[in-house]
Amino acid sequence: MTAPSSAEKIPVTVLTGYLGAGKTTLLNRILSEPHGKKYAVIVNEFGEIGIDNELVVNADEEVFEMNNGCICCTVRGDLVRIIDGLMRRKGKFDAIIVETTGLADPAPVAQTFFMDENVGAKTRLDAVVTVADAKWLKDRLKDAPEAKNQIAFADVILLNKTDLVTPGELAEVEARIRAINPYAKLHRTERSKIALDEVLGRNAFDLDRILDIEPEFLTADDGHDHDHHHDHDHDHHHHHGGLKHYHDEDMQSISLNTAKPLDPDKFFPWVQDLVATEGKDILRSKGILNFKNDEERFVFQGVHMILDGDHQRKWKDGEARSSRIVFIGRHLPEEKIRKGFESCIA
Amino acid sequence: MTDFAAPLPSLADRARLVQAESTIVSMHFFRQTPVFVLGEEALLFAAPEGGKRVAIHGGAILASAADGQRIVTGGDDGKLIATNREGEHEVLATDDKKRWVDQVALGPDGAVAWAAGKVAHVRTGKGEQRDLDLPSTVAGLCFFPKGFRLAIAHYNGATLWFPNAAGAKPEVLEWKGSHLGVTVSPDGKFLVTTMQEQTLHGWRIVDAKHMRMSGYSARVRSLSWTHDGGALATSGSEQLILWPFTGKDGPMGKQPTLLAQSPARCSVVACHPRQPVAAAGFADGSVLLVRLDDGALILAREADGEPVSALGWSAEGQVLAMGTENGSASVLTL
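Residues numbered from 1 in each chain as written. Chains lettered and ligands numbered in written order. Predicted model: local features only at pLDDT ≥ 70, side-chain atom pairs only at ≥ 80, totals over all residues. Heavy atoms only, no water.

Chemist: Can you explain the overall build of chain B? Please cite residues and give values.
Modeler: Check the secondary structure of chain B and you find zero helices and 29 strands. Computed over its C-alpha atoms, the radius of gyration of chain B comes to 19 Å, within 12% of the 20 Å expected for a compact globule of 334 residues. For chain B, with 334 residues in total, the buried portion stands at 60%. Counting only carbon and sulfur atoms, one obtains 49% of the accessible surface of chain B, whose full area is about 13500 Å². (Helix = DSSP H or I, 4+ residues; strand = E, 2+ residues; numbered from the N terminus. Rg over C-alpha atoms; globule rule 2.2 N^0.38 Å. Buried < 20%, exposed > 50% of the residue type's maximum accessible area, 1.4 Å probe, protein only. Areas by Shrake-Rupley, 256 points an atom, 1.4 Å probe, with all protein chains shown as cover.)

Structure (structure tokens):
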């Protein structure tokens, strides 16, 4: 008996976003489009009403600590139970969508897929999709740590309600998002309108898809729908057409790379020690690694203290053999991490 | 390790095959008739003269218990339903918020207990109902072997509840973590929970002394007491693991017995009701009959890659019924 391959596992999309950002609108869009697919939807018990779907399960977001109180080893106990129950109706749905409350931390949801063997054997985490309110996100980033977590954790961000802000305000909030998480796919939306393949089937947690961890660079003119935004109130911004760069005071990303091969006997103890000591503050990590005397590239990804890694494939002829790792987290000790990484060079 | 080069004696080709075509989640008997509880909607009565599918729930069946007279099931339709040997069924309760009824237990004198969300309910044979609010979702529920008392597993421990002791605060056995299943030893002295971690936790009830039973390769999802109550057989590893529960200390300071070494993980266990024998089902589809005295093995189902999800013995132990996640069922008369 071999475990089901990732293609056979039921994909799970986690939908986060602060209160009122447009999660339920997005959810209803996903459910009502003529895609011919069936979704099981897990909504929180305080969720808004009016989700028209055959399989809707109410969840109560019970976050349980494992391993006797280790703060990073939390799982969503209700998800463990609900997914076990849903799998009895295997064949009745193609994918699962988990909508969290606006105040939820996405980490326990994601960790459930790595910590619970049964959940991990039958389902796979596809992506964390965060809906953000273009008008209010900037304020929430100041007063709501949950909102910042959701941005930092995201694989896909819908910057929603763009019709309610000026182009200048939009550029500003995008720069704020990029200061926290330059790696997520960012889409500007109105009323959560987006092509479904931009939010579903992303394989963001699939090691085989960690092909590219370049940041999404801000471009001055990337709005495919920028015609809508020719308001005339952006002239008080000095930087229109240009780019703003922010540094978020407490949530950052660190990107490290080297063309020199790494020593696996140094790297693994270092990264394991790093997540053991700093894992509480490291929300996400990803890496593509070039080990000495190793013809294959090694990829890994992590959520807080949980690391998942494997050899991915042979380095291609002519491909630059370099190592690159990325951490997104809170108050990360950048110098310590940088020096530690450099000490892993073979 | 067992030498797999020598083929095991096998009874597998004597088993009667039953096509369930739906995940089999558990199984019970009405006398000699095996009844498979399907993952969705129905019970499958698998009498030798012909099968009968009885639809009872409007969705997934999440939990079941049986006492020989009736099979009581809980579903994601929020219903608790009792079915008798004729297949006649009645709704015993409906959750007012249509929450999943995912815990069911049967007790003395026709009592039934169930849980939905953070509330445990019990109804006596006379129809008196009591409810208990728990601090977190009820994840395991069982009656004590004697007396009218319930054990309830939840986050950070287990609660012991005398439903008839009105006003008395239920006793709580605390241990940090998520407890997902519960059983009480047949002598009533020990309570054991399965945990989210790959471990069991136990308490000696008289003094709440802790016992940790660990070493598993996966979360333990199936527990079964041996015929004499002397040991607890468990899934969750690449063997059948039995913890000794003889004497006043139970498994404290003792090693478990490891039998039926297998290339696959044990997924379900069911001890024979009369003999020192256990049936162990594995993730590769094999089912082994294990003689507990000397570890001798007989193959009851060939490995075919379909994880075994349900095992059950008839009350006298002449019939073993087996079911898989993929809906293959078989019945072996010994």
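Chemist: Talk me through the overall build of chain A; I want residue IDs and the actual numbers.
Modeler: Per the secondary structure count, chain A includes nine helices and 14 strands. Considering chain A as a whole, with its 346 residues, one finds that 55% of them fall into the buried category.

Chemist: Mind laying out the sheet that holds strand S11 (residues 119-123) of chain B, listing which residues take part and the relevant values?
Modeler: Paired through their backbone hydrogen bonds, the strands of a sheet run either parallel or antiparallel. Residue and element names in this part refer to chain B. As summarised here, the arrangement of the four strands in space is S9-S10-S11-S12, forming an open sheet in which the pairing is antiparallel. Strands with a single pairing partner mark the edges of an open sheet, and in this sheet they are strand S9 (101-106) and strand S12 (129-133). If you compare each strand with its neighbour and ignore which way they point, the axes differ by 15 degrees on average. (Pairing = 2+ DSSP bridges. Axes fitted to C-alpha atoms, helices over the stretch in contact; angles between N-to-C directions.)

Chemist: I'd like a description of helix H7 (residues 167-180) of chain A, backed by residues and values.
Modeler: All names here are of chain A. In this model, H7 (14 residues) spans 20 Å end to end at C-alpha, consistent with the 20 Å of a helix rising 1.5 Å per residue. Burial analysis of H7 places 10 of its 14 residues in the buried class, the great majority of the element. Of all the positions in H7, only Gly-168, Leu-170, Glu-172, Val-173, Glu-174, Ala-175, Ile-177, Arg-178, Ala-179 and Ile-180 are classed as buried. Where H7 is buried, its residues touch helix H5 (137-143), helix H6 (145-153), strand S8 (156-160), strand S9 (185-188), strand S10 (251-258) and strand S14 (323-330). (Expected span 1.5 Å × (residues − 1). Contact = heavy atoms within 4.5 Å.)

Chemist: Would you mind going over the packing of helix H3 (residues 106-115) of chain A against H6 of chain A in detail, with residue names and values included?
Modeler: Residue and element names in this part refer to chain A. Direction vectors running N to C along H3 and H6 enclose 40 degrees, while the axes themselves pass 9 Å from each other. Between H3 and H6, the angle is such that the two are oblique. The residues of H6 that touch H3, namely those facing Pro-106, Ala-107 and Ala-110, are Asn-149, Gln-150 and Phe-153. (Parallel < 35°, antiparallel > 145°, perpendicular 65-115°, else oblique.)

Chemist: Which residues make up the interface of chain B and chain A, and what values do they have?
Modeler: Taken together, the contacts link 30 residues of chain B with 25 residues of chain A. In this structure, the connection of chain B to chain A is made through eight salt bridges. The salt bridge partner of Glu-117 of chain A is Arg-265 of chain B, with a shortest N-O separation of 2.6 Å. Every element with two or more residues in the side of chain B that touches chain A is listed here: strand S5 (50-66) and strand S15 (171-184) of chain B. In terms of residue count, S5 of chain B provides more of the side of chain B that touches chain A than any other element does, five residues in total. When the residues that make up the side of chain B that touches chain A are grouped by side-chain class, the tally is 11 nonpolar, eight polar and 11 charged. (Salt bridge = Lys/Arg side-chain N within 4 Å of Asp/Glu carboxyl O. Nonpolar A, V, L, I, M, F, W, Y, C, P; charged D, E, K, R; others polar.)

Chemist: Describe the sheet that holds strand S22 (residues 257-259) of chain B, and please don't skip the residues or the numbers.
Modeler: All names here are of chain B. If you trace the four strands from one edge of the open sheet to the other, you get S19-S20-S21-S22, paired in antiparallel fashion. Of all strands in the sheet, those bounded by a partner on one side alone are strand S19 (223-225) and S22. The average angle at which neighbouring strand axes cross in this sheet is 25 degrees, direction not considered. Of the pairings in the sheet, the one linking S19 to strand S20 (residues 231-234) comprises three bridges and is antiparallel in character.

Chemist: A description of the pairing of strand S25 (residues 287-291) of chain B should follow, citing residues and the corresponding values.
Modeler: All names here are of chain B. The buried fraction of S25 is high, at four of five residues. Bridge count for strand S24 (residues 277-282) against S25 is five bridges, and the pairing is antiparallel. Looking at the pairing, Gly-281 lines up with Val-287 of S25. Hairpin connection from S24 to S25: four residues lie between these consecutive antiparallel strands, with Gly-285 at a positive phi of about 100 degrees. Where S25 lies against strand S26 (residues 297-301), four bridges are found, and the strand directions are antiparallel. Bridge pairing in S26 links Leu-289 to Ile-298. In textbook terms, the turn of a hairpin is the stretch between consecutive antiparallel strands, and for S25 and S26 this stretch comprises five residues, one of which, Gly-295, has a positive phi near 75 degrees.

Chemist: Describe the environment of Gln-261 of chain B, listing the residues and the values that go with them.
Modeler: Residues and elements named next belong to chain B. Along the chain, Gln-261 falls in the loop between S22 and strand S23 (266-271). Between the C-alpha atoms of Gln-261 and Gly-87, which are 174 residues apart in sequence, the distance is 39 Å. In this structure the side chain of Gln-261 is engaged in a polar contact, spanning 3.0 Å, whose partner is the side chain of Gln-239. (Polar contact = N/O pair within 3.5 Å; in protein donor to acceptor, adjacent residues only side chain to side chain.)

Chemist: Lay out the nonpolar core with the relevant residues and their values.
Modeler: Among the nonpolar cores identified, the biggest contains 50 residues, and Ile-42, Leu-86 and Ile-96 of chain A are the most heavily contacted of them. When near neighbours in sequence (up to four residues on either side) are disregarded, Ile-96 of chain A contacts Ile-10, Pro-11, Val-12, Thr-13, Ala-40, Ile-42, Leu-86 and Thr-123 of chain A. (Core = buried A, V, L, I, M, F, W, Y, C linked by side-chain atoms within 4.5 Å.)

Chemist: Before we move on, could you go through the environment of Arg-191 of chain A and cite the residues and values that matter?
Modeler: Residue and element names in this part refer to chain A. Examined against the element boundaries, Arg-191 turns out to sit in the loop between S9 and S10. In the structure, Arg-191 is positioned 166 residues away from Thr-25 in sequence and 6.9 Å away in space, judged by C-alpha atoms. Those residues in contact with Arg-191, other than ones at most four positions away along the chain, are Thr-25, Arg-29, Asn-160 and Asp-163.

Chemist: Pulling in residues and values, what's your account of the confidence of the model for chain B?
Modeler: Mean pLDDT for chain B: 95, with 99% of residues reaching 70 or above. Model confidence for the complex is summarised by a pTM of 0.89, with the ipTM given as 0.90. (pLDDT = per-residue confidence, 0-100.)

Chemist: Tell me about the pattern of salt bridges, residues and numbers included.
Modeler: Between side chains of opposite charge, a pair can form as their charged atoms come close. All names here are of chain B. All told, the structure shown has 39 salt bridges over all chains when counted by the stated rule. Arg-274 is the salt-bridge partner of Glu-316, the closest N and O atoms lying 3.1 Å from each other. Taken as a pair, Glu-316 in the loop between strand S27 (308-313) and strand S28 (319-324) and Arg-274 in the loop between S23 and S24 lie far apart in primary sequence, 42 residues in all. Classification of Arg-274 as partly exposed rests on a relative accessible area of 44%.

Chemist: An account of the packing of aromatic side chains is requested, with residue identities and associated values reported.
Modeler: Using the criterion set out here, one finds 14 aromatic pairs over all chains in the structure. Look at Phe-64 of chain A and Tyr-155 of chain B: their rings are 4.1 Å apart centre to centre, the planes differ by 10 degrees, and that puts the pair in the stacked class. Residue Phe-64 of chain A is found in strand S4 (residues 63-66), and its partner Tyr-155 of chain B is found in strand S14 (residues 150-161); the two belong to separate chains. As far as burial versus exposure is concerned, Phe-64 of chain A and Tyr-155 of chain B are alike and both buried. Between Phe-267 of chain A and Trp-270 of chain A, the ring centres sit 5.8 Å apart and the planes meet at 55 degrees, which makes this aromatic pair tilted. With a gap of three residues between them, Phe-267 of chain A and Trp-270 of chain A both fall in helix H8 (residues 264-278), about one helical turn apart. Residue Phe-267 of chain A is classed as buried on the basis of its relative accessible area, which comes to 1%. Residue class for Trp-270 of chain A comes out buried when judged on its relative accessible area of 14%. A network of ring pairs unites the aromatic residues Phe-267, Phe-268, Trp-270, Phe-291, Phe-298, Phe-300 and Phe-341 of chain A as a single cluster. Directly above the aromatic system of Trp-136 of chain A lies the positively charged group of Lys-135 of chain A, at a separation of 5.9 Å from the ring centroid. (Phe/Tyr/Trp six-rings, centres within 6.5 Å; stacked < 30°, edge-to-face > 60°. Lys NZ or Arg CZ within 6 Å of the ring centre and 35° of its normal.)

Chemist: So what about the packing of helix H2 (residues 77-86) of chain A against H3 of chain A? Which residues, and what values?
Modeler: Packed helix pairs are specified by the crossing angle of their axes together with the interaxial distance, meaning the distance between the axes. Residue and element names in this part refer to chain A. Remark: H2 packs on H3, axes separated minimally by 9 Å, with the N-to-C direction vectors making an angle of 55 degrees. As the angle between them shows, H2 and H3 are arranged oblique. Note that H2 runs across H3; the crossing there is right-handed. Packed against H2, whose contacting residues are Leu-79, Val-80 and Ile-83, the element H3 presents Val-109, Thr-112 and Phe-113 at the interface. Its residues assigned to classes, the contact of H2 with H3 shows five nonpolar, one polar and no charged. (Left-handed = near helix turned anticlockwise from the far one by under 90°.)

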